[in-house]
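# A structural walkthrough
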Amino acid sequence: MIYPERESINSEMFTPEPPLKFPPAEQAIADRLMKIVPEIDRLEGYVQPHAVAVARRAEILASQLDLRGHDLSAVLLAALAHDLGERAMKRNYLLREAPLTWEETLDLWRHPILGEQQAAELHLPRHAQLLIRWHHEWWNGQGYPDGLAESAIPLGARILRVADTYCALTAYRPYREALDPVEAEQIVADQAGIEVDPMVVEVLLGYLQQERERRAAEMIEQTGLPEDALEIGFAEEPGLAPPLLLPVFSETTGPDTGEPDPVPPTSTAADPGHSPG
């Protein structure tokens, strides 16, 4: 049974997300970035705010992993500015539906370094600059630009990798539709120990499950729907699925996606032939 009342339910029922918070010394830089990020999102083909979404996810993950003060604000600034390099490059292939060519892929791999340079020109803290440089490093050492692995990748950059991947998967891109949140979670879980830090993935999946349960309870309270709506009425509703199992991987490549995997790879599971973020 599907309850028709849910058709009238929308995001206005839920508490709006508060603005991102920065130390007073960094607020001016954050305000300047907030004026730039819409342009970056458009250049990448996002129709909804992406950089801000990444920053919000990263803020949650960083807070749950006990980052505080300037460590936390560096993650937020880097999240807003993580694709500054693509703004400097202004490549039309980012909006193309077809997969990238090998030459375009090599060209795109430059964007974290260019982003680091752009962040320096905008006077972002050095910590944030390095997080931008390393936000495409992979847990297994197969990322770019420096091939860092595991704990050699700063925690902030590992957080950005997870937040950016999840937000990119759940957003519309020129070369594919937005994925269902549950499908995106499974892809991220499948990449734990390969592309992304298993610890950060576990935190993300735990938070998303808690958020589903909170929103479902809030929905029932405000609409008067019976409790079994969770099991029956919303069984097909994206975001109300059972929790996912987090696998452990020892392989050095992700699942087969039907596309060749250059070394270092772009993102085998998230967006073959394109950068996931």
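Each remark here, short or long, concerns the structure printed above.
Just so it is clear, the structure is predicted and the values come from calculations on it, not from any experiment. (Residues numbered from 1 in each chain as written. Predicted model: local features only at pLDDT ≥ 70, side-chain atom pairs only at ≥ 80, totals over all residues. Heavy atoms only, no water.)

Right, let's talk about the packing of aromatic side chains for a bit. Here the structure, examined in full by the defined rule, presents two aromatic pairs. Relative to Trp109, the ring of Trp102 has its centre 5.8 Å away and its plane inclined at 85°; by these criteria the two rings are edge-to-face. Look at Trp109 and you get buried, because its relative accessible area is 11%. Taken together, the ring pairs connect Trp102, Trp109 and Tyr144 into an aromatic cluster. (Phe/Tyr/Trp six-rings, centres within 6.5 Å; stacked < 30°, edge-to-face > 60°. Buried < 20%, exposed > 50% of the residue type's maximum accessible area, 1.4 Å probe, protein only.)

Attention shifts here to helix 8 (residues 155-169). Helix length check: helix 8 (15 residues) gives 21 Å between terminal C-alpha atoms against 21 Å at 1.5 Å per residue, within 8%. Most of helix 8 sits out of view: 14 of its 15 residues are buried. (Helix = DSSP H or I, 4+ residues; strand = E, 2+ residues; numbered from the N terminus. Expected span 1.5 Å × (residues − 1).)

To continue, consider the side chain of His136. Counting through the fold element by element, His136 comes out in the loop between helix 7 (126-133) and helix 8. According to the relative accessible area criterion, His136 is buried, its value standing at 0%. At a separation of 3.4 Å, a polar atom in the side chain of His136 contacts the side chain of His135. (Polar contact = N/O pair within 3.5 Å; in protein donor to acceptor, adjacent residues only side chain to side chain.)

Moving on to unusual backbone geometry. The peptide bond linking Tyr144 to Pro145 adopts the cis configuration, its omega dihedral lying at 10°. Position of Pro145 among the secondary structure elements: in the loop between helix 7 and helix 8. Positive phi is not limited to glycine here, since Asp66 has a value of about 70°. Along the chain, Asp66 turns up in the loop between helix 2 (51-64) and helix 3 (69-81).

All right, on to the pattern of salt bridges then. Per the stated rule, a full pass over the model turns up 15 salt bridges. Where Arg214 meets Glu211, a salt bridge forms, and the shortest distance between an N and an O atom there is 2.6 Å. One end of the pair, Arg214, and the other, Glu211, are both in helix 10 (residues 198-223), three residues apart, so they sit about a helical turn from each other. Looking at Arg214, the relative accessible area reads 37%, which means it is partly exposed. For Glu211, a relative accessible area of 17% translates into the label buried. A single salt-bridge network, built from bridges that share partners, covers Glu116, Arg126, Arg133 and Asp146. (Salt bridge = Lys/Arg side-chain N within 4 Å of Asp/Glu carboxyl O.)

Looking at the secondary structure, you find Pro38 in helix 1 (residues 24-44). Judged by relative accessible area, which is 36%, Pro38 ranks as partly exposed. Sequence spacing of Pro38 and Val52 is 14 residues, and the spatial spacing of their C-alpha atoms is 9.2 Å.

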